[in-house]
Amino acid sequence: ITKKQKKFIRNWYKNHATVQGNQFLTREDVSALATLLRIPVHTVVEWMNRKIFNQMSTATASGTNVHGPSLLTEGPRLPSDAGYSLRQANSHLAADVLDQVDKYVTACQRRRTPTDGRRKVNAGRYKCTFGCGYRTSRVYDWKRHEETHQPQNLWLCHICRQSGNHAPFLVNRNDKFLKHAKDVHGDMKPDEVLEISKVDFRADFNAKCHLCAEVFSSWDDKCQHVIYHYDTAAE
Ligand SMILES: [Zn+2]
Ligand SMILES: [Zn+2]
Ligand SMILES: [Zn+2]
């Protein structure tokens, strides 16, 4: 990276963090920046991690937010991290489905602040590993919350899609999907709509435990492991 580019990245990030009030970056943000500079995404990520985020996470390490603002190291993995690219991993999907899925998952990955005001109850031993401040006393709710940041299962309404709807109903929770089926396609059996609407989605996930750095090969295994940390810490 040239000096000029480094300066550009610093200024761009400063602008992003202050003007937009958002310290966190998404894959989209970074790849847009990389395209603009005509340098590979992983080069930008590496440099930012080293020069911007490392310093920031050391500065905030004493706070309650484990992750600090270092989305690039602790948040959803960027393509360079482990070679995951949603579009590549899901290239078997139809183009329109892939577009919808990409948009949905990207939106989920946008960071939320601990004060986003959507939660009434915020207590319990199970804490969000994405650093949004959410906590709960129920394992089930915790896992479901984790998946709001990093969806693992998706349903894209087959009936909506077939009827030419440009924005067919898409969601990562089967209970919400069943409600859609009942409300909108009442003439069909909700379970059947659910079944034909399941997307063969290959999800990304943070393989590394944020507490001990152990690496897992499946999302469920990793969740089990994190729950164990929270349970033993509470005993
Ligand atoms: Zn969260
Ligand atoms: Zn539908
Ligand atoms: Zn661990």
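Shown above is the structure to which this text applies.
Residues numbered from 1 in each chain as written. Chains lettered and ligands numbered in written order. Predicted model: local features only at pLDDT ≥ 70, side-chain atom pairs only at ≥ 80, totals over all residues. Heavy atoms only, no water.

> Explain the packing of helix α10 (residues 174-184) against helix α11 (residues 190-197) to me, please; I cannot follow it from the model alone.
Helices that pack against each other are described as a pair by the angle of their axes relative to one another and the distance between those axes. For the pair α10 and α11, the least separation of the axes is 9 Å and the interaxial angle reads 120°. Judged by the inter-axis angle, α10 sits oblique to α11. Here the hand of the crossing between α10 and α11 comes out right-handed. Contacts between α10 and α11 pair N174, F177, L178, A181 and K182 from the former with P190, D191, V193, L194 and S197 from the latter. (Axes fitted to C-alpha atoms, helices over the stretch in contact; angles between N-to-C directions. Helix = DSSP H or I, 4+ residues; strand = E, 2+ residues; numbered from the N terminus. Parallel < 35°, antiparallel > 145°, perpendicular 65-115°, else oblique. Left-handed = near helix turned anticlockwise from the far one by under 90°. Contact = heavy atoms within 4.5 Å.)

> How should I be thinking about the pattern of salt bridges in this particular structure?
Once the charged atoms of two side chains with opposite charge are near each other, the side chains can pair. Inspection of every chain in the model, using the stated rule, returns 11 salt bridges. A single network of salt bridges, built from pairs that share partners, joins R87, D99 and D102. (Salt bridge = Lys/Arg side-chain N within 4 Å of Asp/Glu carboxyl O.)

> So what exactly am I meant to see when it comes to the coordination of the zinc ion (ligand 1) here?
Note on metal geometry: ideal angles are 109.5 degrees for four donors arranged tetrahedrally and 90 or 180 degrees for six donors arranged octahedrally. Around the zinc ion (ligand 1), the protein contributes the donor atoms C128 (SG), C132 (SG), H145 (NE2) and H149 (NE2), which lie 2.0 to 2.2 Å from the metal centre. Of note is the zinc ion (ligand 1), whose 4 donor atoms meet at the metal with angles of 103 to 119° in an arrangement that counts as tetrahedral. Using a relative accessible area of 1% as the deciding quantity, one classes C132 as buried. (Donors = N, O, S within 2.8 Å, 3.2 Å for Na, K, Ca; no water. Tetrahedral: all angles 85-135°; square planar, octahedral: opposite > 155°, others 65-115°. Buried < 20%, exposed > 50% of the residue type's maximum accessible area, 1.4 Å probe, protein only.)

> Any chance you could explain a positive patch on the surface here in plain terms?
Residues K3, K6, R10, K14, R50 and K51 make up a contiguous surface patch of positive charge. Contributions of two or more residues to the positive patch are made by α1 (3-19) and α3 (41-60). With respect to the secondary-structure elements, K14 resides in helix α1. K14 gets classed as exposed once you look at its relative accessible area, which sits at 57%. (Patch = residues over 30% accessible without salt bridge, like charges linked within 9 Å, V, L, I, M, F, W, Y side chains within 5 Å. Areas by Shrake-Rupley, 256 points an atom, 1.4 Å probe, with all protein chains shown as cover. Lys, Arg positive; Asp, Glu negative; His and termini not counted. Charge placed at Lys NZ, Arg CZ, Asp CG, Glu CD.)

> What's the story with the coordination of the zinc ion (ligand 2) in this structure? I'm lost.
Each protein donor to the zinc ion (ligand 2) is listed here as C157 (SG), C160 (SG), H180 (NE2) and H185 (NE2); together their distances run 2.0 to 2.2 Å. Here the zinc ion (ligand 2) is ringed by 4 donor atoms whose angles at the metal span 103 to 117°, and the overall shape comes out tetrahedral. Read from N- to C-terminus, the donor residues coordinating the zinc ion (ligand 2) fall into the pattern C-x2-C-x19-H-x4-H. Separated by 28 residues along the polypeptide, C157 in the loop between β3 (155-156) and α9 (158-162) and H185 in the loop between α10 and α11 bring together distant segments of the chain. A residue is classified by how much of its surface remains accessible, and H185, at 9% relative accessible area, is buried.

In short, the description is geometric, and any link to function would need to be established separately.
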